[in-house]
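# Structural description and commentary
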Amino acid sequence: MQNISLPHDHGQNIEKLSERIPKVEEFHTVSDIFKQLCDGSRIRIFWILCHCEECVINLASLVDMTSPAVSHHLRQLKSSGLIVSRRVGKEVYYKAADTEQAQLLHEIIEKLVEISCPSVD
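Residues numbered from 1 in each chain as written. Predicted model: local features only at pLDDT ≥ 70, side-chain atom pairs only at ≥ 80, totals over all residues. Heavy atoms only, no water.

### Points about the sheet that holds strand 3 (residues 91-96)
Strand order in this open sheet of 3 strands is 1-3-2, and the pairing throughout is antiparallel. Either end of the sheet is taken by a strand with one partner, and the two such strands are strand 1 (54-55) and strand 2 (83-88). Note: strand 1 against strand 3, 2 bridges, orientation antiparallel. Paired with Cys55 across the two strands is Tyr93, which belongs to strand 3. (Pairing = 2+ DSSP bridges. Helix = DSSP H or I, 4+ residues; strand = E, 2+ residues; numbered from the N terminus.)

### Comments concerning the pairing of strand 2
Looking at chain direction, strand 2 and strand 3 are connected through 6 bridges and run antiparallel. Its bridge partner being in strand 3, Ile83 is matched across the sheet by Ala96.

### Description of the pattern of salt bridges
Taken as a whole and judged by the stated rule, the model has 2 salt bridges. Between Lys35 and Asp32 there is a salt bridge; the shortest N-O distance is 3.7 Å. On the criterion of helical spacing, the pair formed by Lys35 and Asp32 is a turn pair, its members being 3 residues apart in helix 2 (residues 24-35). Its salt-bridge partner being Glu53, residue Arg86 comes within 2.8 Å of it at the nearest N-O pair. Taken together, the residues Arg86 in strand 2 and Glu53 in the loop between helix 3 (40-49) and strand 1 connect sequence positions 33 residues apart. Residue Arg86 is classed as partly exposed on the basis of its relative accessible area of 40%. Taking the relative accessible area as the measure of exposure, Glu53 reaches 28% and is therefore partly exposed. (Salt bridge = Lys/Arg side-chain N within 4 Å of Asp/Glu carboxyl O. Buried < 20%, exposed > 50% of the residue type's maximum accessible area, 1.4 Å probe, protein only.)

### Quick look at helix 6 (residues 100-113)
Helix length check: helix 6 (14 residues) gives 20 Å between terminal C-alpha atoms against 20 Å at 1.5 Å per residue, within 8%. Three or more residues of helix 6 are buried, namely Ala102, Leu105, His106, Ile109 and Glu110. Along helix 6, the residues classed as buried sweep out an arc of 135 degrees about the axis, all on the same side. Seen from the buried face of helix 6, the exposed residues on the opposite side, beyond 90 degrees, are Glu100, Lys111 and Leu112. As for helix 6, its buried residues are in contact with helix 2 and helix 3. (Expected span 1.5 Å × (residues − 1). Arc of directions from axis to C-beta. Contact = heavy atoms within 4.5 Å.)

Right, here's the structure in full:
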């Protein structure tokens, strides 16, 4: 990034920060992930998938929603890269993606709602 000369000098030496400002595309990626947080049901589904791999029908039962509604949320989560799927015969199973973004989002959700992960036995 080019060296920027700001119109006002507030004594913070902000010009050095301008060299490290990420590109706007990187902020779009973050924005796309944060858009997934706009729906409580979607966050709940994501949280479940951080703890297990599950099919649409079982997810719908767990969250008391219709299968089409759950499928809609799964499409949104998958398009943002937060979950992945695999097909076994006619059944499709979903789980949280093994990415830093998905892991961090899971941690943030847990801290924000003050819930703890179920223990794995």
